[in-house]
There are 6 protein chains.
Amino acid sequence: QGLSHYRADGAAHMVDVSAKDVTKRQATAKGVLRTRADVVARIAAGDLPKGEAIATARIAGIMGAKRTPDLVPLCHPLPVSGVDVDVVPAGDDAGAVEITATVRTTGRTGVEMEALTAVTVAGLTLYDMIKAVDNAAVLTDVRVVAKSGGRSGDWNRDGEGDA
Amino acid sequence: QGLSHYRADGAAHMVDVSAKDVTKRQATAKGVLRTRADVVARIAAGDLPKGEAIATARIAGIMGAKRTPDLVPLCHPLPVSGVDVDVVPAGDDAGAVEITATVRTTGRTGVEMEALTAVTVAGLTLYDMIKAVDNAAVLTDVRVVAKSGGRSGDWNRDGEGDA
Amino acid sequence: QGLSHYRADGAAHMVDVSAKDVTKRQATAKGVLRTRADVVARIAAGDLPKGEAIATARIAGIMGAKRTPDLVPLCHPLPVSGVDVDVVPAGDDAGAVEITATVRTTGRTGVEMEALTAVTVAGLTLYDMIKAVDNAAVLTDVRVVAKSGGRSGDWNRDGEGDA
Amino acid sequence: QGLSHYRADGAAHMVDVSAKDVTKRQATAKGVLRTRADVVARIAAGDLPKGEAIATARIAGIMGAKRTPDLVPLCHPLPVSGVDVDVVPAGDDAGAVEITATVRTTGRTGVEMEALTAVTVAGLTLYDMIKAVDNAAVLTDVRVVAKSGGRSGDWNRDGEGDA
Amino acid sequence: QGLSHYRADGAAHMVDVSAKDVTKRQATAKGVLRTRADVVARIAAGDLPKGEAIATARIAGIMGAKRTPDLVPLCHPLPVSGVDVDVVPAGDDAGAVEITATVRTTGRTGVEMEALTAVTVAGLTLYDMIKAVDNAAVLTDVRVVAKSGGRSGDWNRDGEGDA
Amino acid sequence: QGLSHYRADGAAHMVDVSAKDVTKRQATAKGVLRTRADVVARIAAGDLPKGEAIATARIAGIMGAKRTPDLVPLCHPLPVSGVDVDVVPAGDDAGAVEITATVRTTGRTGVEMEALTAVTVAGLTLYDMIKAVDNAAVLTDVRVVAKSGGRSGDWNRDGEGDA
């Protein structure tokens, strides 16, 4: 079986989804930005008057979800109907933050790519903020953890929560 | 010491770089898309008449580098003067591909964010291609491995090659 | 009652509109660019061979309406189905022009933001044209004057015309 | 009869399509890049390890189709549901390549402009590649050859194939 | 004297600035969003766990500054080198917030349009947030208050502060 | 000799132009939209109160020039310093209009692609306007006619005017 984004002759194309149903669809993706414990403390600092680091990453992630079809060549444009992005200290690693994005649509294709794009753009935005104090940061473990809606039905990655 | 993207009062701003020198700058970033060995084989398949998977990811990465200031809120727009993106099977893991991007500019700030954006957009493009055959893929280990130019001079991540 | 663009914990999100009905919706916004009477005369000059100032503002406003979700972070992307932009001398002030934009869609959310964006982008375009001859211009009184469709039904701002 | 993109008073507007039916629609456009036979040979060279010229043009064309409403001021945004772009040596001219794009949607307006934009952006991308070796290249004969769906029904340009 | 954005024949063009000097330039613009005192209190609420309304407007304004040449047709693209956006309760009106944006560049043209765009996009973002609770809000008094650099030298609007 | 946009291994890349001089550069491109004489008359109609067809195409072309690096994957971003677009009845064909665009920059690469993009986007905009009355229109003869600046010096296409 070949990859559906490529025709039988190997050429890239945007696959025709006209025949797919318009249904409610949702996807959740996660990723981790690994840095140092002191940097995580600065990102999360709630004691600053206007500690906007997490808000900036969240807004960038939401806007990034809307730009997905401009970035990923074979991705279909979709009317995104809701986006949540969260950035929280990763429970098991004092030097990491976990980014989670959930995207909803009513459309003909799923929104995994939109959720993944939200996570990566939020992660890049955090990276940008901290690169002056930690040039060894890593954006890692970016993956889809749950999706629902569409022909393939509900799916959760092993051991990860509901979409 | 606070994060420079935030003022003393904690508000996000685009830091003024007017006083920085215009110099040649270069950055290299890497990342890994972890999937299955059979999927890597399909991505890399050179025997298809028009096996365009890697070309698509490469083009997406190059175009992504140019979109960096549209995506990362506090990033300065820069006249990118050259971009290379490579996607190769990861030597030590039959189920992974390694993505490398090198970006060059002559400007007032570095191009680490452009190189990281190129890697992540190329990685998301590959993810999009393979998600129908592997819903467990992970984009991981996205980091800067080398930079040169600017006031801070040349830098290589421990144990990684030259920019 | 909190603002709906923010969750109970205060975090910004793009509110989920999946459950809202797809209906015909329309909104009209207005604004005023206040400059000098001689500048208004130049903008409106119909005696020039190709007096394109108003056409340029109109086109910019129409294109601006389509860019709304790229600019306003928590705004939902919408399939705009019609846009009119008018720029006319303000009846009661020889030194001002009034900008009016009406936007239509068939979607799950209203198009007030699209109408307001069309007015402001048209206004900025006029500002750009005249700033060399009037550095004291002001874009002012930008507001929604009428909307129709959706659950909240028809609404007209006190003393202003129908959408 | 006036042009529908202009009101009775001559002002440009985005015509209201709210009353049009949502139907499946498809359009095919073609164009030709005329250069020299030796340049066509380089573009098409299948013997290079990674001969990505045609893939680059194809990807650019697909992405261009999605950008149509950003480029063409009075064009309605549309949820593109499929795009194919082909670049092949023109049968009757050893020094030319023919570009064909087919775009599909389910919407209220046709996708001729999306197909034409895909052809021109693919053509410009090829032009960019070869301009260093042929400054006399010409992008020519860009036209719609077939459309289907919508109120006007199916249409084929005289002597050209089906959409 | 005609408007410089129009040629002698009245046609719009992007005026050639090749002969202008590359210098440091700065501009500050202001605007006011007029709503109700209770709404201003919600926007500014510092007691919410993550009161991100002002941060969202600030980020939107900064990103808007970078999009200026995409929105304003005859505006030259510029390498923005710094942006600050502030949103504060207007001292003289309990129902209004004042938005201030300062933009810096080293380039051939001024950045008044970038500062005005930052103010209007931040203002539209606030409008979007509050429109569900106040449909009578007005974005008003958007104007340049100071500029420096370039041939025309420093300028302050009468009675307003330094850039 | 290979195409410079492709490396020795055939991979597409954005060629490094860091070593090229920053000089004043200019390019002029032309193209023709072929339709019917009665349609050309409508486009050019100067007797309509607000005959904005040509203004719309001109503005679209100018804005298109600025979007070139977003559309053409391997094109370098450039600070465009001036753009003129003209649309005039083609002297030798009552059913055609000729589109001419001249773009200027001070940068490291030429602006042929920007001039070609301006011509094609202006042409597509005209096509969009007239497609309801002429489905047989053709955008043709899009080519560079002159360039100046840069290492390769001045060049005029045989038999065509100065840049």
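It should be emphasised that the depicted structure is a prediction, and the values quoted were computed from it without experimental measurement. The residue numbers shown here count from 1 along each chain, following its written sequence. All chains are assigned letters beginning with A, and all ligands numbers beginning with 1, in the order in which they are written. In view of the model being predicted, local features appear only for residues whose pLDDT reaches at least 70, and side-chain atom pairs are presented and counted only at 80 or more, with totals across whole chains, interfaces and linings using the full set of residues. Heavy atoms throughout the structure, all of them, feed into the side-chain values; hydrogens and water do not.

## Here's the deal with the overall build of chain A
Thinking step 1. From N to C terminus, chain A includes three helices and five strands.
Thinking step 2. Element order for chain A, N to C, with α for helix and β for strand: β-α-α-β-β-α-β-β.
Thinking step 3. Categorising residues by exposure relies on relative accessible area from a 1.4 Å probe, with only protein chains included: less than 20% of the type maximum marks a residue as buried, more than 50% marks it as exposed, and the intermediate range marks it as partly exposed. Burial analysis of chain A (163 residues in total) assigns 66% to the buried set.
Thinking step 4. Of all intrachain contacts in chain A linking residues separated by at least 6 positions in sequence, the fraction that spans at least 24 positions is 68%.
Thinking step 5. Distance from the positive charge centre (19 side chains) to the negative charge centre (21 side chains) of chain A: 5 Å. In DSSP terms, a helix is any run of H or I states spanning at least four residues, a strand is any run of E spanning at least two, and both are numbered starting from the N terminus. Every residue pair with non-hydrogen atoms within 4.5 Å of one another is taken to be in contact. For the charge count, each Lys or Arg is scored as positive and each Asp or Glu as negative, with His and the chain ends excluded. By convention, the point assigned to a charge is CZ for Arg, NZ for Lys, CD for Glu and CG for Asp.

## Observations regarding the relation of the copies chain B and chain A
Thinking step 1. To line up the copies, we fit them by least squares on C-alpha atoms, keeping just the residues with pLDDT of at least 70 in both. Least-squares fitting of chain B to chain A yields an RMSD of 0.0 Å, with the transformation described by 0.0 Å of translation along the axis and a rotation of 180°. Both copies are brought into coincidence by an operation consistent with a two-fold rotation axis. If distances are taken from each C-alpha of chain B to the rotation axis, the shortest is found for Thr-140 of chain B, at 2.0 Å.
Thinking step 2. Both copies present the same face, since 100% of the interface residues in chain B are matched by interface residues at the equivalent positions in chain A.

## Quick notes on the pattern of salt bridges
Thinking step 1. Think of a salt bridge as a Lys or Arg side-chain nitrogen and an Asp or Glu carboxyl oxygen that are within 4 Å of each other. Considering all chains together, one arrives at 96 salt bridges over all chains under this definition.
Thinking step 2. Among the ionic pairs, Asp-128 of chain E bridges to Lys-131 of chain E, the shortest N-O distance being 2.9 Å.
Thinking step 3. Exposure remark for Asp-128 of chain E: the relative accessible area of 3% places this residue in the buried category.
Thinking step 4. In this structure, the salt-bridge partner of Asp-84 of chain F is Arg-104 of chain F, at a minimum N-O distance of 3.6 Å. With Asp-84 of chain F in strand β2 (residues 80-89) and Arg-104 of chain F in strand β3 (residues 96-107), this residue pair connects regions lying 20 residues apart in the sequence.
Thinking step 5. When its relative accessible area of 19% is taken as the criterion, Arg-104 of chain F is described as buried.
Thinking step 6. A single salt-bridge network, built from bridges that share partners, covers Arg-67 and Asp-70 of chain A, Arg-67 and Asp-70 of chain B, Arg-67 and Asp-70 of chain C, Arg-67 and Asp-70 of chain D, Arg-67 and Asp-70 of chain E together with Arg-67 and Asp-70 of chain F.

## Some remarks on the interface of chain D and chain C
Thinking step 1. Taken together, the contact between chain D and chain C spans 20 residues of the former and 17 residues of the latter.
Thinking step 2. Roughly 1,500 Å² is buried in total at the junction of chain D and chain C, and carbon and sulfur atoms are behind 52% of that figure.
Thinking step 3. The interface formed by chain D and chain C holds four salt bridges in total.
Thinking step 4. The shortest N-O distance in the salt bridge between Asp-70 of chain D and Arg-67 of chain C comes to 3.8 Å.
Thinking step 5. Here a polar contact means two N or O atoms within 3.5 Å. Within protein one must be a hydrogen donor candidate and the other an acceptor candidate, and residues neighboring in sequence count only if both atoms are side-chain atoms. On inspection of chain D and its partner chain C, the count reaches 11 residue pairs in polar contact (both at pLDDT 80 or more).
Thinking step 6. Partitioning the side of chain D that touches chain C into residue classes produces 13 nonpolar, three polar and four charged. Accessible-area loss on putting two parts together, using a 1.4 Å probe and summing over both, is the definition of buried area adopted here. Amino acid classes used here: Ala, Val, Leu, Ile, Met, Phe, Trp, Tyr, Cys and Pro are nonpolar; Asp, Glu, Lys and Arg are charged; the rest, including Gly, are polar.

## Quick look at the interface of chain B and chain A
Thinking step 1. Facing 51 residues of chain B, the contacting portion of chain A comprises 51 residues.
Thinking step 2. Summed over both partners, the interface of chain B with chain A buries about 4,500 Å², with 60% contributed by carbon and sulfur atoms.
Thinking step 3. Linking chain B with chain A are two salt bridges, by the criterion used here.
Thinking step 4. Applying the counting criterion to the chain B and chain A interface returns 16 residue pairs in polar contact (both at pLDDT 80 or more).
Thinking step 5. Counting residues per element, the ones that place at least two in the side of chain B that touches chain A are α2 (53-71), α3 (112-130) and β4 (138-148) of chain B.
Thinking step 6. Per-element accounting of the side of chain B that touches chain A gives the leading share, 12 residues, to α3 of chain B.
Thinking step 7. Here the side of chain B that touches chain A is composed, by residue class, of 27 nonpolar, 11 polar and 13 charged.

## Considerations on the side chain of His-76 of chain D
Thinking step 1. Tracing the chain through its elements places His-76 of chain D in the loop between α2 (53-71) and β2 (80-89).
Thinking step 2. His-76 of chain D sits in the buried class, given a relative accessible area of 9%.
Thinking step 3. In this structure the side chain of His-76 of chain D is engaged in a polar contact, spanning 3.4 Å, whose partner is the backbone oxygen of Ser-81 of chain C.
Thinking step 4. Residues in contact with His-76 of chain D, not counting those within four places in the same chain, are Val-80, Ser-81 and Gly-82 of chain C together with Met-14, Val-15, Val-17, Pro-69, Thr-109 and Glu-114 of chain D.

## Thoughts on the packing of helix α2 (residues 53-71) of chain F against helix α3 (residues 112-130) of chain F
Residues and elements named next belong to chain F.
Thinking step 1. Helix axes use the C-alpha atoms of the stretch in contact, all axes being lines fitted to C-alpha atoms, and the angles between their N-to-C directions lie in the range 0 to 180 degrees. Relative orientation of the contacting elements α2 and α3 amounts to 135°, with a least axis distance of 7 Å. By the angle class used here, α2 and α3 are oblique. In terms of crossing hand, the pair formed by α2 and α3 is right-handed. Along its contact with α2, which presents Ala-53, Thr-56, Ala-57, Ala-60, Gly-61, Gly-64, Ala-65, Thr-68 and Leu-71, the element α3 presents Met-113, Glu-114, Thr-117, Ala-118, Val-121, Ala-122, Thr-125, Leu-126 and Met-129.
Thinking step 2. Considered class by class, the residues forming the contact of α2 with α3 number 11 nonpolar, six polar and one charged. An angle counts as roughly parallel when it lies under 35 degrees, as roughly antiparallel when it exceeds 145, as roughly perpendicular when it falls between 65 and 115, and as oblique in every other case. In a left-handed crossing the near helix is turned counterclockwise from the far helix by less than a right angle, and in a right-handed crossing that turn is clockwise.

## Description of the relation of the copies chain D and chain C
Thinking step 1. Mapping chain D onto chain C is achieved by rotating through 120° and translating by 0.0 Å along the same axis, at an RMSD of 0.0 Å. Taken together, these values place the two copies in the relation of a three-fold axis. Measuring from the rotation axis to each C-alpha of chain D, the shortest distance belongs to Pro-79 of chain D, at 4.7 Å.

## Let's talk about the pairing of strand β4 (residues 138-148) of chain F
Side-chain direction in a regular strand flips from residue to residue, so the side chains alternate between the two faces of the sheet.
All names here are of chain F.
Thinking step 1. Counting buried residues along β4, nine of its 11 residues qualify, which places the element largely inside the surrounding structure.
Thinking step 2. Note: strand β1 (residues 23-34) against β4, eight bridges, orientation antiparallel. The partner of Thr-28 across the bridge, within β4, is Ala-146.
Thinking step 3. Strand pairing is assigned whenever DSSP detects at least two bridges linking the two strands. Counting the residues in the hairpin turn of β4 and strand β5 (residues 155-156) gives six residues, including Gly-149, whose phi is positive at 90°.

## Observations concerning unusual backbone geometry
All names here are of chain B.
Thinking step 1. Of note in this structure, Asp-141 is not a glycine but carries a positive phi near 60°.
Thinking step 2. Turning to its location among the elements, Asp-141 is positioned in strand β4.
Thinking step 3. Overall, the relative accessible area of 29% leaves Asp-141 in the partly exposed class.

## A look at the nonpolar core
In summary, soluble globular proteins display a tendency toward joint burial of nonpolar side chains.
Thinking step 1. In this structure, Leu-126 of chain A, Leu-126 of chain B, Leu-126 of chain C, Leu-126 of chain D, Leu-126 of chain E together with Leu-126 of chain F are the most contacted members of the largest nonpolar core, which totals 294 residues.
Thinking step 2. Those residues within four positions of Leu-126 of chain E in sequence are excluded, and the remaining contacts are Leu-33, Ile-43, Ala-53, Ala-57, Val-87, Val-97 and Ile-99 of chain E. In these notes, a set of buried Ala, Val, Leu, Ile, Met, Phe, Trp, Tyr and Cys residues joined through side-chain atoms within 4.5 Å is what counts as a nonpolar core.

## A look at the environment of Ala-137 of chain A
Thinking step 1. Relative to the helices and strands, Ala-137 of chain A resides in the loop between α3 (112-130) and β4 (138-148).
Thinking step 2. Its relative accessible area of 0% is what places Ala-137 of chain A among the buried residues.
Thinking step 3. Between the alpha carbons of Ala-137 of chain A and Leu-126 of chain A there is a distance of 9.9 Å; along the sequence they are 11 residues apart.
Thinking step 4. When neighbours within four sequence positions are excluded, Ala-137 of chain A is seen to be in contact with Arg-34, Thr-35, Tyr-127 and Ile-130 of chain A together with Val-142, Arg-143 and Arg-157 of chain B.

## Some details on helix α1 (residues 37-44) of chain C
Residues and elements named next belong to chain C.
Thinking step 1. For α1, the complete set of buried residues consists of Val-39, Val-40 and Ile-43. Summarising the axial view, the buried residues of α1 lie within an arc of 100°, below the 170-degree limit, and thus occupy one face.
Thinking step 2. In this structure, the buried side of α1 is in contact with α2 (53-71), β2 (80-89), β3 (96-107) and α3 (112-130). Here the arc refers to the set of directions running from the helix axis out to each C-beta atom.

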